Amino acid sequence: MPAAANSRLICIATAVASLAVSAAAYLLFYSPAVIRNDDDVDDEQRQRYTVGLHNPSNDCFANSVLQALSSSSVLESYLATDRVRQYKLSSALLIMISDLNTPIRYARASSPWPFLHVLESIFKSRISRTQHDAHELMHLILQTLTDEYAATTTTTAGAPPFEGSTLDSITCQQCFRTTTTSRCKFVVLTLPVPQQSSTTVQDLLAKLLAPEYVTGYGCQSCRLAALAGTARRVVQARNLQADDDDDDDVGVDVVPKLAGDPVGYYKYVCKLANSAASMTADLPAEIEHDLPRTVRSTIVRQTSLHDLPGLLIVQLSRSIFDGHASSRNDCAVQVSEFITLYSSAGVSSLLYSAATTTTTTAGDDDGLANKKTYRLVGMIRHSGTHSAGHYECYKRKPPQASTATERLAGGPQQPRQRQWWRISDEKVWQVSTSEVLKQTGTAYMLVYETVPIAQQQRRRRKTTKQRQQDLNKI
Ligand SMILES: [Zn+2]
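Summary of the structure given here. (Residues numbered from 1 in each chain as written. Predicted model: local features only at pLDDT ≥ 70, side-chain atom pairs only at ≥ 80, totals over all residues. Heavy atoms only, no water.)

The next subject is the overall build of the chain. A count of helices and strands for the chain gives 16 helices and 18 strands. Classification of the 474 residues of the chain by burial places 49% in the buried group. Taking contacts inside the chain between residues at least 6 apart in sequence as the whole, the part at least 24 apart equals 77%. (Helix = DSSP H or I, 4+ residues; strand = E, 2+ residues; numbered from the N terminus. Buried < 20%, exposed > 50% of the residue type's maximum accessible area, 1.4 Å probe, protein only. Contact = heavy atoms within 4.5 Å.)

The next thing to look at is the packing of aromatic side chains. One pass over the structure, following the stated rule, counts 3 aromatic pairs. Between the aromatic rings of Tyr-78 and Phe-162, the centroid separation amounts to 5.6 Å while the plane-to-plane angle is 85°, which identifies the pairing as edge-to-face. With Tyr-78 in helix α5 (residues 73–79) and Phe-162 in the loop between α8 (134–151) and β3 (164–172), this pair connects stretches of sequence that are 84 residues apart. Tyr-78 sits in the buried class, given a relative accessible area of 8%. Of the residues examined, Phe-162 reaches a relative accessible area of 0% and is grouped as buried. When the centroid spacing of 6.1 Å and the interplanar angle of 35° are considered together, the rings of Tyr-391 and Tyr-444 count as tilted. Placement of Tyr-391 in strand β15 (residues 389–396) and of Tyr-444 in strand β18 (residues 443–450) is noted, with a sequence separation of 53 residues between them. The class for Tyr-391 is buried, based on a relative accessible area of 1%. What links up through ring pairs into an aromatic cluster is the set Tyr-78, Tyr-149 and Phe-162. (Phe/Tyr/Trp six-rings, centres within 6.5 Å; stacked < 30°, edge-to-face > 60°.)

Core analysis: the biggest nonpolar cluster contains 52 residues, and Leu-93, Met-138 and Ile-141 have the highest contact counts within it. Here this core takes 8 residues from α8, the largest share from any one element. Contact partners of Leu-93, with chain neighbours within four places excluded, come to Leu-66, Leu-69, Leu-75, Leu-79, Phe-115, Ile-141 and Leu-145. Leu-209, Leu-316, Val-431 and Leu-446 belong to the second largest nonpolar core, which has 29 residues in total. (Core = buried A, V, L, I, M, F, W, Y, C linked by side-chain atoms within 4.5 Å.)

What follows deals with the coordination of the zinc ion. Within the protein, Cys-172 (SG), Cys-175 (SG), Cys-219 (SG) and Cys-222 (SG) serve as the donor atoms for the zinc ion, at 2.3 to 2.4 Å. If you look at the zinc ion, its 4 donor atoms make angles of 103 to 114° with each other, and the shape they trace is tetrahedral. Spacing between the donor residues of the zinc ion along their common chain follows C-x2-C-x43-C-x2-C. Placement of the pair is Cys-175 in the loop between β3 and β4 (178–186) and Cys-219 in the loop between β7 (212–217) and α10 (220–237), with a sequence separation of 44 residues. A relative accessible area of 27% places Cys-175 in the partly exposed class. (Donors = N, O, S within 2.8 Å, 3.2 Å for Na, K, Ca; no water. Tetrahedral: all angles 85-135°; square planar, octahedral: opposite > 155°, others 65-115°.)

Our next topic: the pattern of salt bridges. Under the defined criterion, the tally for this structure stands at 9 salt bridges. Across the pair Glu-392 and Arg-381 runs a salt bridge, and its minimum N-O distance is 3.5 Å. Placement of the pair is Glu-392 in strand β15 and Arg-381 in strand β14 (residues 371–384), with a sequence separation of 11 residues. Judged by its relative accessible area of 11%, Arg-381 is buried. One connected set of salt bridges, linked through shared partners, spans Arg-381, Glu-392 and Arg-422. (Salt bridge = Lys/Arg side-chain N within 4 Å of Asp/Glu carboxyl O.)

Residues that lie three or four places apart on an α-helix share one face, since the helix turns once every 3.6 residues. Taking 1.5 Å per residue, 18 residues should reach 26 Å; α10 reaches 26 Å between its end C-alpha atoms and fits that length. Listed in full, the buried residues belonging to α10 are Gln-220, Ser-221, Cys-222, Arg-223, Leu-224, Leu-227, Ala-228, Ala-231 and Val-235. Looking at the residues trailing α10, positive phi occurs at Asn-239, about 55°. (Expected span 1.5 Å × (residues − 1).)

With that settled, the discussion passes to the sheet that holds β7. Across the sheet, 4 strands lie side by side as β4-β3-β8-β7; this open sheet has antiparallel pairing. The outermost strands of the open sheet, each flanked by one partner alone, are β4 and β7. Strand-to-strand twist across the sheet, computed as the mean angle between neighbouring axes with direction ignored, equals 25°. Relative to strand β8 (residues 297–307), β7 runs antiparallel, the two sharing 4 bridges. Bridge pairing links Val-214 to Ile-299 in β8. (Pairing = 2+ DSSP bridges. Axes fitted to C-alpha atoms, helices over the stretch in contact; angles between N-to-C directions.)

What follows covers the pairing of β15. Where burial is concerned, most of β15 is hidden: 8 out of the 8 residues are buried. Every second residue of β15 is oriented toward a common face, with Gly-389, Tyr-391, Cys-393 and Lys-395 on one face and His-390, Glu-392, Tyr-394 and Arg-396 on the other, all of them buried. Count of turn residues in the β14/β15 antiparallel hairpin: 4 residues. As defined by bridge partners, β15 adjoins strand β16 (residues 420–424) across 4 bridges and the pair is classed as antiparallel.

Residue placement: His-139 occurs in helix α8. Assessed through its relative accessible area of 30%, His-139 is described here as partly exposed. Sequence separation between His-139 and Ile-313 is 174 residues, and the spatial gap between their C-alpha atoms is 9.6 Å. When near neighbours in sequence (up to four residues on either side) are disregarded, His-139 contacts Val-187 and Val-188.

All quantities given are derived from atomic positions and should not be read as evidence of function.
Shown next as C-alpha cells:
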C-alpha cells in the first residue's frame, strides 16, 4: 500500500473532524425507534420499506454516507459493470448498497462494518472509534473507487461517473486571450457556506463560478502587442518593408536587435504576440527586458466546471475557525431539488459566464448543449455542535430497474414518485420532499444525479403547463 494512500486513512482516523459525532451526544438525540413492521403488505408496499443500519459504536457518520451513496442509481450501475466489480472496494460497496436498496417486507437493519472492514484492509489501518466527519469518509471512499477505476486501464482517458473537474482561467479584457491556470479533479464539490443568516445552493454555486475582475494586470499578450507596435513604428520611421505574410526570418535562434534589424525584431515579436500561448509563454530575456511595464489591463479570473459528473456530491462546508477554536456555521442553506450546471468545455469564457448565471432555470432550453440537469436524491444532515452531533440521511431509493443497462438508460418508467426516506441509523421514516428541503440549517452533504432526458422533457412540459395555469389565473 503506498504511503500516500495509507495516510488518507490515518487522516480520517486522527484529523480533527470538521463536523464530528460523539457517542455521548448521540445517545441524547433520539427517542426509541419508530419502525414500521407490517405483516400484511402487498408487493408495492414492500417496495416502500428501506433497510436501516445499526449503530453500536458511534457509526452514524458511516451509516449516513453509505445510505447517501445507495441513493444513486448512477453509482449502483457503475459498480455493477465488469470493469470495476472485481475490485475490492467497488465490489464491497455494490454488495452494501444492493443490500440497502433491497425491497423488504419487514423492517430490518444491516451493519456497515463488513464494508468498513474492507476499507480498513485496503489501507491496512483501523478506522478509529472516536470522532469522524462524514465528508472525510465520503471523500476517502470515492477517491479509493477512483483509484480502482484507474487501475483498470493504462490510459488516463475517461473517468468514473462521480468524478468532475474544475478549470481556473484568466481572460484579458483587452486582448481577449484566455489561459488556463489550473485544472482540478473532484469527487466532492465543496461549497463554503458564508457567515450569514441564509443563502441558497444556487447562490453558493454562483459564487464559486462568479467571474472576478482584477484591474491593473500586466498581461504579457497585451505587452507583446504593444512592443510589436513600437517595433512597427521604428520600421516605418526608417521606410523599411515588413510584409506581415513574410515570415522567412521568424524562428531564428538569435533574437534580432531592434536597432540593427528592426524588421527582423518586429516579425519576431509579432510571432510571439500572435502565438496561442502568448499570455504565459516563456520569453527570451531580451524580449522580457523590452516589454513595456506600463501596459496594464483588466482581467477576469474564473473557476468553471469543465467535466460535469453524472453523480454530483456537494459538501456544504460549515466549519468556522476563528484562530482558536472551530465552530459550526448554522446558516440556513435553501436546497433545490433540481439544479442545472454548465460545462465550460468548448465554450467561450464569456458565454460560460452568461450561462452560469441562469442556474435557477433548470430544464429551460437555452441552446447550450454542455449542460446537465441534476435531481436531489440524497442528503446528509448534521445536527448538534461542531464537535459533537449526529448524522442522518435523507434518500430516495433508486428505481428497481431489472438490468444495469436499463438503469443506465434512466431506469424504467416509475408509476409513482420515488419515496423519500429519513434514516437515522436503524430508524426509518417516510417523509415528503418538502420535509427534506426544510433541512436548511443542518444540510451538510447533497447527492445529486443527472436527470435522464425523458424526465427532463416531462418536467419541462409540466413547468410550461404550470406557467400557463398561472397565466390563466391572472
Ligand atoms: Zn491582454
